[in-house]
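What the coordinates show
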Amino acid sequence: MISPCLLNVALHGLEEAAGVRYRTSGTHAGEAMPGSPVAVRYADDMVVLCPSQEQAVQVKARLAEWLAPRGLAFNEDKTRIVHLSEGLDFLGFNIRRYRSKLLIKPSKAAIRRLRERLASQTRTLRGGNAMAVIAALNPVIRGWAAYYRTVVSTRTFTALDDYLWKLTYKWATWRHADKPKRWIVGRYFGKFNKFRNDRWVFGDRDSGACLVKFSWTGIVRHVPVKGRASPDDPALAAYWAERRQRVKPPLDRYTLRLLARQDGRCPLCGDHLLTADQPPQSPEQWERWWLQVTRQAIAASYLAHHGRPGSPDGPRPPAQETSASASDALEACLSRVRGPTRTHGS
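Re the sheet that holds strand β3 (residues 88–90)
Picture the strands of a sheet paired through backbone hydrogen bonds; they go either parallel or antiparallel. The strand order across the open sheet formed by three strands is β3-β4-β5, and the pairing between neighbours is antiparallel. Looking along the sheet, the strands with just one partner apiece sit at the ends: β3 and β5 (101–106). Each strand of the sheet is rotated relative to its neighbour by a mean of 30°, with strand direction disregarded.

So this is what it looks like as structure tokens:
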């Protein structure tokens, strides 16, 4: 975790070195000046968008000269100057201009890695039951869909749902090789999600649990941060609070209502669970950290407030309203999240 921080320190001032200029006043304050390059960087990955190829060559030369005193240099094997009509991959996304329209989609490499992972996990789970398949694949599906829901992903989600259906059907036929196809479909596929008019959902008849689909995650466009707004600027506290309220995480409506009841805060540290300034930066972070930890923290805080709105710092209900069973349930929830939830406040 220290590497991105060190790179942010070492590469501070890179935009100025590239010649990036922003408007400082007017209704378009914070936007790049006409003819100015635009630099986007995450850790050591960087993209500089330029109006012309000549400017791109000049910017690369200036940045190479600026990096040299810091003991850094471009990796020439990974550094290219391309036209947007050819497209480029950046942080798992493909950025490409189609005629007059610029579209950002999940990259083919990211889709291929996901398909390989889903296929590998379903093969590994051939000895398990349907509930094991659902428990293993649901976090992967939710995390990947949450990361790519802000770009043009509708067709990709649909194609991945088709691929996932083939994997689960193949898993079911392998597990019940002596059963007819009609029996397999009747046992593992049906309208498990009562809120979806879809009878081809993979699920477990005993528990009623089902495998979520990529297409169930709605596309929500990312709203860029205004100008150079920093979450560390106390004067912009209201701006970040407003952004945090507008962010709708990829959760069901019931969980969103629970989140609203507790003012979007963790019951242990009091920090906001919806960090609009620093959302998870990869499908793995969505999968392993935000979706799992946040869901547990929401459940624990709901019990802590007994269904009442308010922040963890607010008044607690009277002692006589708290039953022994509720106290036991609260302690069980807190014990589940006491370790992991401390990480998001750091």
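Details of the pairing of strand β2 (residues 45–49)
In this structure, strand β1 (residues 38–42) lies alongside β2, joined through five bridges in antiparallel fashion. Counterpart to Ala39 in the pairing with β2 is Val48.

A short note on the pattern of salt bridges
Evaluation of the coordinates by the stated rule reveals two salt bridges. Of the charged contacts, one joins Lys60 and Glu76 as a salt bridge, the two residues approaching to 3.2 Å between their closest N and O atoms. In this pair, Lys60 sits in helix α3 (residues 53–67) while Glu76 sits in the loop between α3 and β3, placing the two residues 16 residues apart along the sequence. For Lys60, a relative accessible area of 26% gives the class partly exposed. For Lys213, the salt bridge is made with Asp198, and the minimal N-O distance between the two is 2.5 Å.

Focus: the nonpolar core
Grouped burial of nonpolar side chains is what soluble globular proteins tend to show. Formed by 39 residues in total, the largest nonpolar core has its most connected members in Phe202 and Phe214. For this core, the element with the most residues is helix α5 (residues 130–148), which contributes eleven residues. Excluding residues that lie within four positions of it along the chain, Phe214 makes contacts with Leu114, Leu118, Ile141, Trp144, Ala145, Phe157, Leu160, Asp161 and Leu164. By size, the runner-up hydrophobic cluster in this structure holds ten residues, among which are Leu14, Val20, Val59 and Leu63.

Thoughts on the packing of aromatic side chains
Considering all chains together, one arrives at 17 aromatic pairs under this definition. Here Trp144 and Phe214 contribute two aromatic rings whose centre-to-centre distance is 6.1 Å and whose plane-to-plane angle is 90°, an arrangement assigned as edge-to-face. Taken together, the residues span a long stretch of sequence, with Trp144 in helix α5 and Phe214 in the loop between β7 (201–202) and α8 (237–246) at a distance of 70 residues. With a centroid separation of 5.1 Å and 5° between ring planes, the pair formed by Trp165 and Tyr169 is classed as stacked. On the criterion of helical spacing, the pair formed by Trp165 and Tyr169 is a turn pair, its members being four residues apart in helix α6 (residues 154–175). Judged by its relative accessible area of 18%, Tyr169 falls in the buried class. Here the guanidinium or amino end of Arg70 rests over the ring plane of Trp66, the centre of that ring lying 3.8 Å away. Over the ring of Tyr163 we find Arg115; its NZ or CZ atom is 4.0 Å from the centre of that ring.

Comments concerning the confidence of the model for the protein chain
Taken over all residues, the pLDDT of the protein chain has a mean of 80, while the share at 70 or more is 78%. In this model residues 302–346 is a low-confidence stretch, pLDDT under 50, and it forms 59 contacts with partners more than four residues away in sequence or in other chains.

Focus on the packing of α6 against helix α7 (residues 181–188)
Contact geometry of α6 with α7 gives a least axis separation of 10 Å together with a crossing angle of 120°. Judged by the inter-axis angle, α6 sits oblique to α7. Regarding α6 and α7, the two cross each other, and that crossing is right-handed. Here Tyr169, Trp171, Ala172, Thr173 and Arg175 of α6 come into contact with α7, specifically with Lys181, Ile184, Val185 and Tyr188. Its residues assigned to classes, the contact of α6 with α7 shows six nonpolar, one polar and two charged.

Brief notes about α3
When the terminal C-alpha atoms of α3 are compared, their 21 Å separation across 15 residues agrees well with the 21 Å that a helix rising 1.5 Å per residue should span. The set of residues buried in α3 consists of Gln55, Ala56, Val59, Leu63, Trp66 and Leu67. Looking straight down α3, one finds that the buried residues subtend no more than 100° of arc, so they occupy a single side. Along α3, the residues that are exposed and aim more than 90 degrees away from the buried face are Gln53, Glu54 and Glu65. Looking at the packing, one finds that the buried side of α3 touches α1 (2–10), α2 (14–18) and β2.

Topic: unusual backbone geometry
Positive phi, close to 55°, is recorded for Leu91, a residue that is not glycine. Mapped onto the secondary structure, Leu91 falls in the loop between β3 and β4 (93–98). Positive phi, close to 55°, is recorded for Arg99, a residue that is not glycine.

The rules behind each value
- Residues numbered from 1 in each chain as written.
- Predicted model: local features only at pLDDT ≥ 70, side-chain atom pairs only at ≥ 80, totals over all residues.
- Heavy atoms only, no water.
- Pairing = 2+ DSSP bridges.
- Helix = DSSP H or I, 4+ residues; strand = E, 2+ residues; numbered from the N terminus.
- Axes fitted to C-alpha atoms, helices over the stretch in contact; angles between N-to-C directions.
- Salt bridge = Lys/Arg side-chain N within 4 Å of Asp/Glu carboxyl O.
- Buried < 20%, exposed > 50% of the residue type's maximum accessible area, 1.4 Å probe, protein only.
- Core = buried A, V, L, I, M, F, W, Y, C linked by side-chain atoms within 4.5 Å.
- Contact = heavy atoms within 4.5 Å.
- Phe/Tyr/Trp six-rings, centres within 6.5 Å; stacked < 30°, edge-to-face > 60°.
- Lys NZ or Arg CZ within 6 Å of the ring centre and 35° of its normal.
- pLDDT = per-residue confidence, 0-100.
- Parallel < 35°, antiparallel > 145°, perpendicular 65-115°, else oblique.
- Left-handed = near helix turned anticlockwise from the far one by under 90°.
- Nonpolar A, V, L, I, M, F, W, Y, C, P; charged D, E, K, R; others polar.
- Expected span 1.5 Å × (residues − 1).
- Arc of directions from axis to C-beta.

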